[in-house]
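Chain residues, written in single-letter form:
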Amino acid sequence: MTITDGYELVHPEYYAKNGPPYAVWDRLRAESPVHRCDVENVEPFWAITRQEEIKIISKTPELFLSEPGITLLPTDREIDREEGIGAMRVVINTDPPEHRDLRKVASPWFTPRSLKRMEAVIEQSAKQLVDDLAKEGESCETDLAMGMAVSHPLRVLCKAIGVPESQERDILELSNQLFAPDDEELGGGKTTSEDFRELGQRFLELFLPIVQDRRANPTDDLASIIANARIHGEEMGPMETLGYYLIVFNAGHDTTKNALAGGFSQLIQHPDEFAKIQQDPSKVPDAVEEMIRWASPVNYMKRTASRDLELSDTKIREGDALVMFYASGNRDESVFDDPYRFDVSRNPNRHLAFGYGEHFCMGAHFARRSMRAIVDQLARRVEEWELVGDPEWIQASFVVGLKHLPVRYRIRPA
Ligand code: HEM
């Protein structure tokens, strides 16, 4: 009997009910690290569960293509490539040499040195949100997943790409619809081609005025860099420009939000670990890395084989889909001691949550820096916190995480 046909690995309903399928991944890593999956209503794919193969695939983009798509599509869900979201050219969906040209547009803005210009915004957002919680009074309740974990990356990213505060909520709604279309509460269950066309239109309406404004009045912000980008001396095309806004905002928001929510849940449930960063906030960067490993918000990325080949003694055919489960690689016992222990002092922490090789996350420093600001505030100011209900999972299998994290807390004023 096969370990799995893949259902637990990719079905949003499974994640909503159970969270990620760690036990299945454990068996796959041990017994079938390149495993054929064929689930009803999803294109057939190879599940890749160990770091070893994830790294080979990620650093060989000429054999393992991103262009045909990075997510698994339900076979009954058509994406229109002519119009809307499907027509946008996005750096994450391209291969060299085009990928390298597109990446160069924004990568200089994301270096640690260049990100210094965002520090004041990041710190202010973190402090403000923790101040707001502290203001609530002596002992209060909040949903950290719906509250602070959402608001902090949202505020910071909107500032980076020039979305005014008044439109933050609109953009959040669109992002939820894009990443959790199956989750009724977040994405409204909007999964038809017509829904996706409409979504593309709404993104266009949001981003177009920003592009026009930054072309007329360029500054040194990320919005201006994207709006005025040139590739080989030519103005970047409109689908590339909009695609860039889309990827920066969306890749940056949901992921950081889920890393925060998943990480908070662990800090709360492991008071001994939280105490370590309370006693010594210089440990916050290591703690943040562990939160990211633990949550692994980008559950997987897909690649498509460009020709017949062999991977760890398994024959792969041209056109086959390979799905790299980072969350599984981040529990790989050949890389991590005691991978199921949440350990804020873990160092080195060779997780793959930001991917590896050619498409390594452009926003990794940004995400780390944003998360550190808020975890630092909490380490210094939380007097008590505890769960007051079970955390609930989002109904999604691509960008995964907690939807609800009900908490009772007492926080010191600044
Ligand atoms: C904890 C938070 C984050 C996680 C876990 C994460 C994860 C990832 C992963 C796994 C990839 C690799 C995709 C692949 O190999 O195909 C990626 C790519 C990317 N990420 Fe992130 N990301 C995070 C935050 C951010 C932020 C804050 C931004 C921007 C503000 C961002 C922008 C991007 C972009 C532009 C790419 C595409 C890079 C390329 O194709 O060369 N990410 N991210």
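Residues numbered from 1 in each chain as written. Predicted model: local features only at pLDDT ≥ 70, side-chain atom pairs only at ≥ 80, totals over all residues. Heavy atoms only, no water.

Helix α13 (residues 271-279) packs onto helix α12 (residues 238-269) with a crossing angle of 100° between their chain directions and a minimal axis gap of 5 Å. The orientation of α12 with respect to α13, classified from their angle, is roughly perpendicular. The segment α12 lies against α13, with Leu 267, Ile 268 and Gln 269 engaging Pro 271, Phe 274 and Ile 277. Class assignment of the residues belonging to the contact of α12 with α13 gives a composition of 5 nonpolar, 1 polar and no charged. (Axes fitted to C-alpha atoms, helices over the stretch in contact; angles between N-to-C directions. Helix = DSSP H or I, 4+ residues; strand = E, 2+ residues; numbered from the N terminus. Parallel < 35°, antiparallel > 145°, perpendicular 65-115°, else oblique. Contact = heavy atoms within 4.5 Å. Nonpolar A, V, L, I, M, F, W, Y, C, P; charged D, E, K, R; others polar.)

Taken as a whole and assessed by the stated rule, the structure comprises 37 salt bridges. Arg 155 is the partner of Glu 165 in a salt bridge, and the nearest nitrogen-oxygen pair spans 4.0 Å. One end of the pair, Glu 165, is in the loop between α7 (148-161) and α8 (168-179); the other, Arg 155, is in helix α7, with 10 residues separating them in the sequence. We classify Glu 165 as partly exposed; its relative accessible area is 47%. In this structure, Lys 283 engages Asp 280 in a salt bridge whose closest nitrogen and oxygen atoms are separated by 3.5 Å. Each of Arg 155, Lys 159, Glu 165 and Glu 168 takes part in one network of salt bridges that share partners. (Salt bridge = Lys/Arg side-chain N within 4 Å of Asp/Glu carboxyl O. Buried < 20%, exposed > 50% of the residue type's maximum accessible area, 1.4 Å probe, protein only.)

With that settled, the discussion passes to the site of the ligand. Of all residues adjacent to the ligand, which total 27 residues, the nearest are His 99, Arg 103, Arg 303, His 359 and Cys 361. Take His 99: an N or O atom from its side chain is 2.6 Å from an oxygen atom of the ligand. Note that an oxygen atom of the ligand is positioned 2.6 Å from one of the side-chain N or O atoms of His 359. At the level of secondary structure, the elements contributing two or more residues to the shell around the ligand comprise α5 (98-106), α12, β7 (300-305) and α16 (364-381). Split into classes, the residues belonging to the shell around the ligand amount to 18 nonpolar, 7 polar and 2 charged. (Near = heavy atom within 4 Å. Polar contact = N/O pair within 3.5 Å; in protein donor to acceptor, adjacent residues only side chain to side chain.)

Another aspect to go through is the side chain of Glu 273. With respect to the element layout, Glu 273 can be found in helix α13. Reaching out from Glu 273, the side chain makes a polar contact with the backbone nitrogen of Val 344 at a distance of 2.8 Å. The contacts of Glu 273, once residues within four sequence positions are left out, are Arg 341, Phe 342, Asp 343, Val 344 and Ser 345.

Turning our eyes to something else, we now look at the coordination of the iron atom of the ligand. When only protein atoms are considered, the iron atom of the ligand has one donor, Cys 361 (SG), at a distance of 2.3 Å. Turning to its location among the elements, Cys 361 is positioned in the loop between α15 (326-329) and α16. (Donors = N, O, S within 2.8 Å, 3.2 Å for Na, K, Ca; no water.)

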